[in-house]
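# Chains, contacts and geometry: an overview
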Amino acid sequence: MPRPELRSWAEGAQARKHNSIRTVWFEAEGNELQGTVAIVPDPQHPEEKRLFHYRVANDALATIGLARLLRETIDERRFADRLLACGSPVEGLLFLLNWILEHYFNWMDAFELELTQAKTKMRETNDGHLFEYIMDLRYKLLHWNAQVIPLKEIRFAAEETFPRQLAHSESFAALRVRMERVRMLQEEYMAEIDSLLKLDDVTVNYRANDIMKTLTVFTVLLTPMTALGAIWGMNFDSMPETERPWGYPAALTVIFALMGGIYWYLRKQGWTKNILEVKLGRKKKGEGGTP
């Protein structure tokens, strides 16, 4: 690439802070592919972007921001040797994309551990904070899926711009397979998260119905006490029970007898099942069975 054009490209590239891609067609000099990849490693801090600018032609590959990306590389010298061993500049660019995707797979391994923890919480506790935890996982997955979109676009643009150089390229074949792996992981993890959300929704609805049923049973049981208490609480002179020593015990006997009769009827009808009873649920650890 001529130095003036390279300097002009570098000045324009450093001014970009977002994903960008551009294909330049020439009849004599050859084709060029240039653009910017904005990588956000931490979804909680979107302002901390790592910008990677590139410009690739038939005879040269120029990059800006590669040194910052290489901070996480274990062996920078070996990495540079492998980059220089690529058969063409566009293969070098695809090698860089493969390396970036390697970090994506490392993150997916960590994400899978968090997803496993969510499934464990769903089975053991399923408290009110689980929904927020699952939604946070879904946000993380959407964030990293968005990070892969510009890499996918570069893959297609490179194939469009340099079809001959990539016809038998190992880097291009590896990138294509890795993109398929990425799509497979995205679909599988999203399906698991959707299943967890549906299961959480079913559990919440079941608990709400259980609570409403319990409150209804208690309301029915306390109806005799409320009704008879209201009757005997009225201030009338002609209430013979208030002048008898057995009036108060008799009133309590009638109240509890009615409550017992109502409970017996509800239990006979099966309406108190799993209510007012001790729920053993899962066995505690050490009592046998699967913990």
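This write-up is about the structure you can find in this document. (Residues numbered from 1 in each chain as written. Predicted model: local features only at pLDDT ≥ 70, side-chain atom pairs only at ≥ 80, totals over all residues. Heavy atoms only, no water.)

### Focus on the overall build of the chain
- A tally of helices and strands in the chain yields 7 helices and 4 strands.
- Of the regular secondary structure in the chain, the N- to C-terminal order runs α-β-β-β-β-α-α-α-α-α-α.
- Taken across its 291 residues, the chain has 36% of its residues classed as buried.
- Long-range pairs, those at least 24 residues apart, make up 66% of the contacts in the chain between residues at least 6 apart in sequence.
- When the accessible area of the chain is evaluated, it comes to approximately 18,900 Å², of which 57% is carbon and sulfur surface. (Helix = DSSP H or I, 4+ residues; strand = E, 2+ residues; numbered from the N terminus. Buried < 20%, exposed > 50% of the residue type's maximum accessible area, 1.4 Å probe, protein only. Contact = heavy atoms within 4.5 Å. Areas by Shrake-Rupley, 256 points an atom, 1.4 Å probe, with all protein chains shown as cover.)

### Details of helix 7 (residues 247-268)
- An ideal rise of 1.5 Å per residue puts 32 Å on 22 residues; helix 7 measures up with 31 Å between its terminal C-alpha atoms.
- By the burial criterion, the buried members of helix 7 are Gly 247, Ala 251, Ile 255, Met 259 and Leu 266. Summarising the axial view, the buried residues of helix 7 lie within an arc of 105°, below the 170-degree limit, and thus occupy one face. Counted as exposed and oriented over 90 degrees from the buried face of helix 7: Thr 253, Trp 264 and Lys 268. (Expected span 1.5 Å × (residues − 1). Arc of directions from axis to C-beta.)

### Focus: the sheet that holds strand 2 (residues 32-39)
- With antiparallel pairing, the 4 strands of this open sheet are ordered in space as 1-2-3-4. Strands at the two margins of the open sheet, each flanked by one partner only, are strand 1 (20-24) and strand 4 (61-64). Put simply, the sheet's adjacent strands are angled 10° from each other on average, direction ignored.
- Pairing geometry for strand 3 (residues 50-56) and strand 4, over 4 bridges, is antiparallel. Paired with Arg 55 across the two strands is Ala 62, which belongs to strand 4.
- Seen against the sheet, helix 5 (residues 130-161) touches strand 1, strand 2 and strand 3 and runs at an angle of roughly 170° to strand 2. (Pairing = 2+ DSSP bridges. Axes fitted to C-alpha atoms, helices over the stretch in contact; angles between N-to-C directions.)

Such coordinate-based values are descriptive only and should not be taken to indicate function.
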